[in-house]
Amino acid sequence: MNLALSARDSHVTAVVGGRSQRAAGLGPGHRVVHCLNYQMWMGGLTDHMTLEQTGALVVPFGVGSTKLLIQTILDLKITAISCTPSYPAVLEQVIAEHFPDITPRDLGLKLGLFGGEAGLDSPDLRRRLKGIWGMEPRNANYGVSDVFCNFASQCEHDTDLHFLGADVLYPELIDPDTAEVLPIQPGISGELVLTHLERDCQPLVRFRTGDVLKITATDPCKCGRTGFRFRVIGRSDDMVVVRGINVFPTMVAAVINGNDRLSGEYRIRLNGSGPYSQLPLEVELASKAASGEELAAEVERQIKEKLGVTASVTLVDPGGLPRTSGKTKRVVREDLA
């Protein structure tokens, strides 16, 4: 799919996305390395433009060459990183294997600007990132490449996302199944639909994003921003229905990240098109010493208690699940012919 931007579109994209990066804490004086894909993906370039808009020094790195990235962070005294929330796990693995004399904290990163994946709403994931890296994790980059690369982020006062594109986007919420329009009010959940108000190239009208949001507040935030605040529950196409209960990967992540004996990596591996009576789940151990049938049973019990569904948990050795510098695929569908 080819996406086009006029010069004016590029400027508006940078300004709106810059609001988001600035709200998350980035600004002059920061040196930020941008580790999202510049090739065959619109967001790589446009996210770079939003980072520059804050006045920060931007190092365009992209994906791959992880050892070189670590050395670059050390050599250039990088203070912030822009990447997916799953990418630090890749860096941790490379540091352990190739830089045994240092820890992630020794890289000196102060600010993590994350986007491209859900999951940073989890307090356990935030706690893990702070503990291992010593940096402040911020959900800084929410967007839809077809529409605007970045139009929402959190601020220092609130972990929920602020909608920051009201002058260029008209947002709606709809029921994903019936397409009924829902009010944007606290407590309401629905699929986000967007219409361009400012666009020269490829303007979109009532574009269904596939993202399911929950509105958390509509009053002004302590930071002074007035856009509604929300959380991303998940994508409608990643929703798994288990005995009539809707389960999103972010809900599973919240359980997994709360257990220190697990690495935080997991996969939902589905066989066939459903309906499903159980949630088949592969969960990676933090260390081999943590293994044991009682741990699998503990995770199954926690998922039952917190999500209301029955899970079939398979424990995987440390490093057994794939890492990626891009978006990590949490739901794997192995549909039968």
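In what follows, the structure referred to is the one given above.
Keep in mind it's a predicted model, so treat the numbers as computed, not measured.

### A closer look at the overall build of the chain
On a plain count of helices and strands, the chain comes out with 7 helices and 18 strands. By the compact-globule yardstick of 20 Å for 337 residues, the chain fits well, its C-alpha radius of gyration being 20 Å. Overall size of the chain, expressed as C-alpha extent along the three principal axes, is 60 × 55 × 45 Å. Out of the 337 residues in the chain, the part that is buried amounts to 51%. Here the analysis covers contacts within the chain between residues at least 6 apart in sequence; of these, 66% occur between residues at least 24 apart. Counting only carbon and sulfur atoms, one obtains 50% of the accessible surface of the chain, whose full area is about 15200 Å². Between the averaged position of the 35 positive side-chain charges in the chain and that of its 40 negative side-chain charges there is a distance of 3 Å.

### Some thoughts on the pairing of strand E11 (residues 207-217)
In this structure, strand E10 (residues 189-196) lies alongside E11, joined through 5 bridges in antiparallel fashion. Within the sheet, the bridge partner assigned to Val193 lies in E11 and is Arg208. Pairing of E11 with strand E12 (residues 229-235) involves 6 bridges; the strand directions are antiparallel. Paired with Val212 across the strands is Gly234, a residue of E12.

### Remarks on helix H6 (residues 249-256)
Burial runs high along H6: 6 of the 8 residues are buried. Among the residues of H6, those classed as buried are Pro249, Thr250, Val252, Ala253, Val255 and Ile256. On the buried face of H6, the contacting elements are E12, strand E14 (245-247), strand E15 (262-271), strand E16 (279-285), helix H7 (293-307) and strand E18 (331-334).

### So, the sheet that holds E18
A sheet is described by the order of its strands in space; here 4 strands give the open sequence E17-E16-E15-E18, paired in mixed fashion. A strand with exactly one partner marks an edge of an open sheet, and here the two such strands are strand E17 (311-316) and E18. The sheet shows a mean angle of 25 degrees between the axes of neighbouring strands, direction not considered. Seen against the sheet, H7 touches E15, E16 and E17 and runs at an angle of roughly 140 degrees to E17.

### Quick word on the packing of aromatic side chains
Following the criterion strictly, the structure yields 5 aromatic pairs and no others. For the ring pair Tyr142 and Phe230, a centre distance of 5.5 Å and an interplane angle of 75 degrees mean the geometry is edge-to-face. Of the two residues, Tyr142 is situated in strand E5 (residues 136-144) and Phe230 in strand E12; the sequence distance between them amounts to 88 residues. In terms of burial, Tyr142 and Phe230 fall into one category: buried. Considering the side-chain rings of Phe151 and Phe163, the 5.8 Å spacing of their centres and the 70 degrees angle between planes classify their relative orientation as edge-to-face.

### Some remarks on the packing of H6 against H7
Interhelical geometry of H6 versus H7 gives an angle of 125 degrees and a closest axis separation of 10 Å. As far as their axial angle goes, H7 and H6 are oblique. In this structure, the crossing between H6 and H7 has a hand that is right-handed. Residues Met251, Val252, Val255 and Ile256 of H6 pack against Val299, Gln302, Ile303, Lys306 and Leu307 of H7.

### Topic: the packing of helix H3 (residues 66-75) against helix H4 (residues 87-98)
Look at H3 against H4: their axes get within 10 Å of each other, and the N-to-C directions meet at 90 degrees. Here H3 is positioned roughly perpendicular relative to H4, judged by the angle of their axes. Within the contact between the two elements, H3 uses Thr66, Lys67, Leu69 and Ile70 and H4 uses Tyr87, Val90, Leu91, Val94, Ile95 and His98. Classifying every residue of the contact of H3 with H4 by side-chain character gives 7 nonpolar, 2 polar and 1 charged.

Criteria and cut-off values
Residues numbered from 1 in each chain as written. Predicted model: local features only at pLDDT ≥ 70, side-chain atom pairs only at ≥ 80, totals over all residues. Heavy atoms only, no water. Helix = DSSP H or I, 4+ residues; strand = E, 2+ residues; numbered from the N terminus. Rg over C-alpha atoms; globule rule 2.2 N^0.38 Å. Buried < 20%, exposed > 50% of the residue type's maximum accessible area, 1.4 Å probe, protein only. Contact = heavy atoms within 4.5 Å. Areas by Shrake-Rupley, 256 points an atom, 1.4 Å probe, with all protein chains shown as cover. Lys, Arg positive; Asp, Glu negative; His and termini not counted. Charge placed at Lys NZ, Arg CZ, Asp CG, Glu CD. Pairing = 2+ DSSP bridges. Axes fitted to C-alpha atoms, helices over the stretch in contact; angles between N-to-C directions. Phe/Tyr/Trp six-rings, centres within 6.5 Å; stacked < 30°, edge-to-face > 60°. Parallel < 35°, antiparallel > 145°, perpendicular 65-115°, else oblique. Left-handed = near helix turned anticlockwise from the far one by under 90°. Nonpolar A, V, L, I, M, F, W, Y, C, P; charged D, E, K, R; others polar.

Function-wise, these values are silent; they only describe arrangement.
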